[in-house]
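Chain residues, written in single-letter form:
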Amino acid sequence: MKKLFGVIGDPIAHSMSPLMHNDLFQLYQLDAHYFPFHVKKENLADAIKGLKVLGVSGFNVTVPHKVDIIPLLDEIDPLAKAIGAVNTVVNVDGKLIGYNTDGNGYVRALTNYVHHIEDKRMLMIGAGGAARGLFFSLASAGVKRLDVANRTVEKADALIEECPYEVKANSLSLKDAELALAEYDCVIQTTSIGMAPKTDELPINLERLKAGAFVSDIIYNPLETRLLTEAKERKASIQNGLDMFVYQGALAFELWTGIFPDTERMRKTVEMQLGGKTC
Ligand code: ATR
């Protein structure tokens, strides 16, 4: 019998996950299909019940449901529990188990560019929901130092404090981060600053960026944010958010099928859909 997968969110029409996963099902000759499901906040509990009784094999969860879905699931993986957000659900014999592949997807994507991350001094910009997944996964991957700069410094303090993995980390204001920039090997941008339509915005000034630094931005619309353009002009290596999107999807696909898929192909599928070249 054909297996059903999907993604729930609001809005959902522009999700690139159906295209990416359906292409993989075809590639690996799996009799399965992945649907976008438009689920409004007030219908979340009913939708989860429906997906469960219909026997959907697994699904992704996107904005605004990643946190609210937790009490509606049967089990939560420890990392997802610590992060407090689920982006992937697997149906195991009628039990819905929640995972978070965003943070680990980011770490997998990062290690394609940066080797020995455990020796690196990293600066994370932002302390919101997206930052939380990345911070916990980077901490659990053993990053040497992982400071957090945020407009609201108290939120950076809370993020560091709540991390269940041991890591050396300080909180900073955005201004202090600009001044201390030369200390960091990697800068990881997790806020919405620079995202379309406000593409001319910059979270911090890169004047003091270390020579040979690596700068990554989790935004992929635009594919190259102003931060990445300026980092490139300063001869930094850069990475946009497309890789993280691809790898969170690859890890979800692996949880559902046991196959770690061809990420290069996934990237090309999404690139074609976006109609542009990536860095
Ligand atoms: P997400 O789930 O996408 O991470 P979020 O949880 O609302 O969204 O977090 C947004 C992040 O972007 C926060 O770090 C926020 O800073 P504050 O904690 O100070 O609010 C940051 N952010 C958003 N807009 C910003 C702006 N104009 N200037 C500086 N930081 C901004």
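Residues numbered from 1 in each chain as written. Predicted model: local features only at pLDDT ≥ 70, side-chain atom pairs only at ≥ 80, totals over all residues. Heavy atoms only, no water.

## A word on the domain arrangement of the chain
Turning to step 1, where the next piece is worked out: Along its sequence, the chain is carved into domain 1 (3-100 + 247-274) and domain 2 (104-240).
Turning to step 2, where the next piece is worked out: Centre-to-centre, using C-alpha coordinates, domain 1 lies 26 Å away from domain 2.
Turning to step 3, where the next piece is worked out: Of the residues lining the interface, 10 residues belong to domain 1; the matching set on domain 2 comes to 14 residues.
Turning to step 4, where the next piece is worked out: Carbon and sulfur atoms supply 64% of the area buried between domain 1 and domain 2, which totals about 1,100 Å² over both sides.
Turning to step 5, where the next piece is worked out: Summed over the three residues of domain 1 that lose the most area to domain 2, namely Leu 79, Ile 83 and Tyr 247, the buried surface amounts to 47% of that side.
Turning to step 6, where the next piece is worked out: The interface formed by domain 1 and domain 2 contains three residue pairs in polar contact (both at pLDDT 80 or more).
Turning to step 7, where the next piece is worked out: Elements with a minimum of two residues in the side of domain 1 that touches domain 2: helix 3 (78-83), helix 9 (242-257) and helix 10 (263-274). (Domains from an automatic or database assignment. Contact = heavy atoms within 4.5 Å. Buried area = accessible area lost by both parts, 1.4 Å probe. Polar contact = N/O pair within 3.5 Å; in protein donor to acceptor, adjacent residues only side chain to side chain. Helix = DSSP H or I, 4+ residues; strand = E, 2+ residues; numbered from the N terminus.)

## Thoughts on the site of the ligand
Turning to step 1, where the next piece is worked out: Neighbouring residues of the ligand: Gly 126, Ala 127, Gly 128, Gly 129, Ala 130, Asn 150, Arg 151, Thr 152, Lys 155, Thr 191, Ser 192 and Ile 193.
Turning to step 2, where the next piece is worked out: Interatomic distance of 2.8 Å between a backbone N/O atom of Gly 129 and an oxygen atom of the ligand.
Turning to step 3, where the next piece is worked out: Within the contact set of the ligand, an oxygen atom lies 2.9 Å away from a side-chain nitrogen or oxygen of Arg 151.
Turning to step 4, where the next piece is worked out: When its residues are assigned to classes, the shell around the ligand shows three nonpolar, seven polar and two charged. (Near = heavy atom within 4 Å. Nonpolar A, V, L, I, M, F, W, Y, C, P; charged D, E, K, R; others polar.)

## With respect to the packing of aromatic side chains
Turning to step 1, where the next piece is worked out: Enumeration over the complete set of coordinates arrives at 10 aromatic pairs.
Turning to step 2, where the next piece is worked out: When the ring of Phe 135 is compared with that of Phe 136, the centres are 6.4 Å apart and the planes differ by 65°; the resulting orientation is edge-to-face.
Turning to step 3, where the next piece is worked out: Linked through ring pairs, Phe 5, Phe 25, Tyr 28, Tyr 34, Phe 253 and Trp 256 together constitute an aromatic cluster.
Turning to step 4, where the next piece is worked out: Against the face of Phe 260 rests Arg 108, its NZ or CZ located 4.4 Å from the ring centre. (Phe/Tyr/Trp six-rings, centres within 6.5 Å; stacked < 30°, edge-to-face > 60°. Lys NZ or Arg CZ within 6 Å of the ring centre and 35° of its normal.)

## Quick notes on the packing of helix 4 (residues 102-111) against helix 9
Turning to step 1, where the next piece is worked out: Look at helix 4 against helix 9: their axes get within 7 Å of each other, and the N-to-C directions meet at 120°. It follows that helix 4 is oblique to helix 9 by the angle criterion. Both helix 4 and helix 9 take part in a crossing whose hand is right-handed. Between helix 4 and helix 9, the contacting residues are Asp 102, Asn 104, Gly 105, Tyr 106, Arg 108 and Ala 109 on the first element and Asp 243, Met 244, Tyr 247, Gln 248 and Leu 251 on the second. (Axes fitted to C-alpha atoms, helices over the stretch in contact; angles between N-to-C directions. Parallel < 35°, antiparallel > 145°, perpendicular 65-115°, else oblique. Left-handed = near helix turned anticlockwise from the far one by under 90°.)

## A few points about the sheet that holds strand 5 (residues 88-92)
Turning to step 1, where the next piece is worked out: With respect to topology, six strands assemble into an open sheet ordered 2-1-3-5-6-4, the strand pairing being mixed. Taken across any chain shown, the strands that pair with only one partner, and hence form the sheet edges, are strand 2 (32-38) and strand 4 (75-76).
Turning to step 2, where the next piece is worked out: The sheet contact formed by strand 1 (residues 3-9) and strand 2 spans seven bridges and is parallel. When the sheet's bridge partners are listed, Gly 6 is paired in strand 2 with Phe 35.
Turning to step 3, where the next piece is worked out: With respect to the sheet, helix 1 (residues 17-27) is in contact with strand 1, strand 2 and strand 3 (58-61), its orientation differing from that of strand 2 by roughly 170°. (Pairing = 2+ DSSP bridges.)

## Thoughts on the nonpolar core
Turning to step 1, where the next piece is worked out: Of all hydrophobic cores here, the largest spans 30 residues; its most connected members are Tyr 106, Leu 110, Met 122, Phe 135 and Leu 138.
Turning to step 2, where the next piece is worked out: Sorting the residues of this core by element identifies helix 3, helix 4, strand 7 (121-125), helix 5 (129-140), strand 8 (145-149), helix 6 (153-162) and strand 10 (186-189) as the ones contributing at least two each.
Turning to step 3, where the next piece is worked out: The leading source of residues in this core is helix 5, at six residues.
Turning to step 4, where the next piece is worked out: Residue-level mapping places this core at the junction of two domains, with at least three residues from each of domain 1 (3-100 + 247-274) and domain 2 (104-240).
Turning to step 5, where the next piece is worked out: If we ignore the near neighbours within four places in the chain, the residues touching Leu 110 are Ile 117, Met 122, Leu 138, Phe 214 and Gln 239.
Turning to step 6, where the next piece is worked out: Core analysis: the next-biggest nonpolar cluster, separate from the first, contains 22 residues, Ile 12, Ala 109, Tyr 247 and Trp 256 among them. (Core = buried A, V, L, I, M, F, W, Y, C linked by side-chain atoms within 4.5 Å. Buried < 20%, exposed > 50% of the residue type's maximum accessible area, 1.4 Å probe, protein only.)

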